[in-house]
Amino acid sequence: MPRVVLAYSGGLDTSVAIQWLRQEKGLDVVTLSADLGQGEYLPPTRERALKNGASEAVIVDLRKPLVEEFIFPALKALAFYGEGYLLATALGRPLIARELVRYARETGADFVAHGCTGKGNDQVRFEVTAAALAPEIKVIAPLREWSLKSREEEIEYAMEHGIDIGGIDKKKIYSYDRNLWGVSVECGELEDPWNAPPEDAYLMTAGPKDAPDEPVEVVVGFKSGVPVSLDGREMDGVALIEKLNSIAGAHGVGRIDQVEDRLVGIKSREVYEAPAGVVLFSAARALQHLTLPKDLIHEARILGRRYGELVYNGLWFTALKRALDAFFSQTVRNVSGDVRVRLFKGSATVVGRRSPFALYRHSLSTYDASDSFDHSASVGFIKLWGLPVQLAELIDREAGKEA
Ligand code: ARG
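Note that the structure is a prediction, hence the values are computed from the model and not measured. (Residues numbered from 1 in each chain as written. Predicted model: local features only at pLDDT ≥ 70, side-chain atom pairs only at ≥ 80, totals over all residues. Heavy atoms only, no water.)

Visitor: Sorry, what's going on with the sheet that holds strand 1 (residues 3-7) here?
Guide: What holds strands together in a sheet is hydrogen bonding between their backbones, with the strands either parallel or antiparallel. Taken together, five strands build an open sheet; the order of strands is 3-2-1-4-5 and the sheet is parallel. Pairing within the sheet leaves two strands with one partner each, and these edge strands are strand 3 (56-61) and strand 5 (138-140). Strand-to-strand, the axes of this sheet are offset by a mean angle of 25°, without reference to chain direction. Strands in contact with helix 4 (residues 88-106) are strand 1, strand 2 (28-35), strand 3 and strand 4 (111-113); relative to strand 1, the strand with the most contacts, it is inclined by about 160°. (Pairing = 2+ DSSP bridges. Helix = DSSP H or I, 4+ residues; strand = E, 2+ residues; numbered from the N terminus. Axes fitted to C-alpha atoms, helices over the stretch in contact; angles between N-to-C directions. Contact = heavy atoms within 4.5 Å.)

Set out below in structure tokens:
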């Protein structure tokens, strides 16, 4: 029997997909579930997969590669999409797809499958990654193919085929995708962009009313653009992000609400939570301003924007992405030091930064007696800086043109 490796979340769609791949496609189904730091939301996938007809079910802990190979490069680039989506889902997909392909090769499977629908970005990310890493592999997207039109029909199919879909929550109104870098929330009331997101839509952050009435300060230590310590304690990336998620989440930091443009041409209302992400993004940006020359910051912001779009659009495993990584790794070489961030009722405010590589010189910037800036040098500078402006005006006058 030909074999397929299915990316399995344990939810309704992929549970039904196991049966469907067996019955409709006649395939031997192996499931692969990725632990990307979903925490308590990582469902009992292995047992459920086997019960639902998978011949083999594996769970792989991908938290470390997620942080080191995907999140940190994006942080160096200060990558985001739209108004502030820090790309949690978009960064997770190429990693899962890479693992799917790797496992397919290892187990001699000709197919990989995913549970994405036909109108989202995730299908693109999975399939472009598969194409980049294993052009010979064939991808099956059951949700795009089957005739089950709604959640209700899927539940019906599950009942008919004795599929264990866990305790299906009738009022599971929102669709979530969660990993260490954040949560993406869709559906339900959120589909009307006028509706304020209901409190119960949020998983990682407290509302401002429930957040502590006293602010807290965290100190993030960076080395070459990536965080290495929290409040003076060295930590590996996974632990640091987990810890910061809980501190900043409790203070309500990291909520983002935007209408965004999907790659497939539609607009959608998306709500995100990224507590650690928002703190680290602000801190990294502040440290860049302290340690990088003006023109480099300027260029990095332009290319960072590009990087965010490329990640969103599923182009992780491309030559452009690799070239941009080289640019950003060079850019953040000296972005080392500490940043103080104050967390309070949903806001994360940078209140201090220091670095051995700071380009800030007190004696040059100060207005006190220790000032070493040569004020007289400004005279000649302004003369030349303003020369073309002055000339243009003089020439206009000579030509008799009214101002
Ligand atoms: N709009 C976001 C993105 O494209 C989130 C997608 C969430 N995916 C999901 N299966 N719920 O990255």
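Visitor: Where do I start with a negative patch on the surface in this structure?
Guide: Taken together, Glu152, Glu153, Glu156 and Glu160 make up a surface patch of like negative charges. Considering the arrangement of structural elements, one finds Glu153 in helix 7 (residues 151-160). Under the relative-accessibility criterion, Glu153 is labelled partly exposed at 33%. (Patch = residues over 30% accessible without salt bridge, like charges linked within 9 Å, V, L, I, M, F, W, Y side chains within 5 Å. Areas by Shrake-Rupley, 256 points an atom, 1.4 Å probe, with all protein chains shown as cover. Salt bridge = Lys/Arg side-chain N within 4 Å of Asp/Glu carboxyl O. Lys, Arg positive; Asp, Glu negative; His and termini not counted. Charge placed at Lys NZ, Arg CZ, Asp CG, Glu CD. Buried < 20%, exposed > 50% of the residue type's maximum accessible area, 1.4 Å probe, protein only.)

Visitor: Which parts of the structure should I look at to understand the side chain of His114?
Guide: Along the chain, His114 falls in the loop between strand 4 and helix 5 (122-133). Within the structure, His114 has its side chain in polar contact with the backbone nitrogen of Cys116 (distance 3.1 Å). Among the polar contacts listed, one links the side chain of His114 to the side chain of Glu127, at a separation of 2.7 Å. Excluding its chain neighbours within four sequence positions, the residues that come into contact with His114 are Leu6, Gln123, Phe126, Glu127, Val139, Ile140, Ala141 and Pro142. (Polar contact = N/O pair within 3.5 Å; in protein donor to acceptor, adjacent residues only side chain to side chain.)

Visitor: It is not clear to me how the site of the ligand should be interpreted in this structure. Could you clarify?
Guide: The environment of the ligand is formed by 14 residues, the closest being Tyr85, Asn121, Asp122, Arg125 and Glu260. Arg125 places a polar side-chain atom, nitrogen or oxygen, 2.8 Å from an oxygen atom of the ligand. At 2.7 Å from a nitrogen atom of the ligand is found a side-chain nitrogen or oxygen belonging to Glu260. Of all the secondary structure elements, the ones that give two or more residues to the shell around the ligand are helix 4, helix 5, strand 6 (175-179), strand 7 (182-186) and strand 12 (267-273). Of the residues contributing to the shell around the ligand, the split by class is three nonpolar, four polar and seven charged. (Near = heavy atom within 4 Å. Nonpolar A, V, L, I, M, F, W, Y, C, P; charged D, E, K, R; others polar.)

Visitor: How should I be thinking about the side chain of Ser355 in this particular structure?
Guide: As for its placement among the helices and strands, Ser355 is situated in the loop between strand 14 (347-354) and helix 12 (362-365). Within the structure, the side chain of Ser355 is placed 2.6 Å from the backbone oxygen of Ser336, a separation counted as a polar contact. In contact with Ser355, other than residues within four places in its own chain, are Leu287, Leu290, Thr291, Asn334, Ser336 and Gly337.

Visitor: I keep staring at a nonpolar patch on the surface and nothing clicks. Help me out?
Guide: A surface patch of nonpolar side chains, about 380 Å² in accessible area, is lined by Leu384, Leu387, Leu391 and Ile395. When residues in the nonpolar patch are grouped by element, the largest group, three residues, is from helix 14 (residues 387-398). Note on placement: Leu391 falls in helix 14. Residue class for Leu391 comes out partly exposed when judged on its relative accessible area of 41%.

Visitor: What is the right way to look at the sheet that holds strand 12 in this model?
Guide: Taken in spatial order, the four strands of this open sheet run 6-7-12-11, and their pairing is antiparallel. Bordering the open sheet on either side are strand 6 and strand 11 (255-261), each of which pairs with just one other strand. Averaged over neighbouring strand pairs, the angle between their axes works out to 20° when direction is ignored. In this sheet, strand 12 lies alongside strand 11 in antiparallel orientation, the contact comprising seven bridges. Counted as the bridge partner of Asp257 is Val271 from strand 12.

Visitor: Could you clarify how one ought to interpret the packing of helix 10 (residues 294-312) against helix 11 (residues 319-331) in this entry?
Guide: For any two helices packed against each other, the geometry comes down to the angle between their axes and how far apart the axes lie. Orientation of helix 10 relative to helix 11, taken along the N-to-C sense of each, is 145°, at an axis distance of 11 Å. Handedness of the crossing formed by helix 10 with helix 11: left-handed. Contacts from Leu296, Glu299, Ala300, Leu303, Gly304, Arg306, Tyr307 and Leu310 of helix 10 reach helix 11 at Leu320, Lys321, Leu324, Asp325, Phe327, Phe328 and Thr331. Of the residues contributing to the contact of helix 10 with helix 11, the split by class is nine nonpolar, two polar and four charged. (Left-handed = near helix turned anticlockwise from the far one by under 90°.)

None of the figures reported here should be taken as evidence of function without further support.
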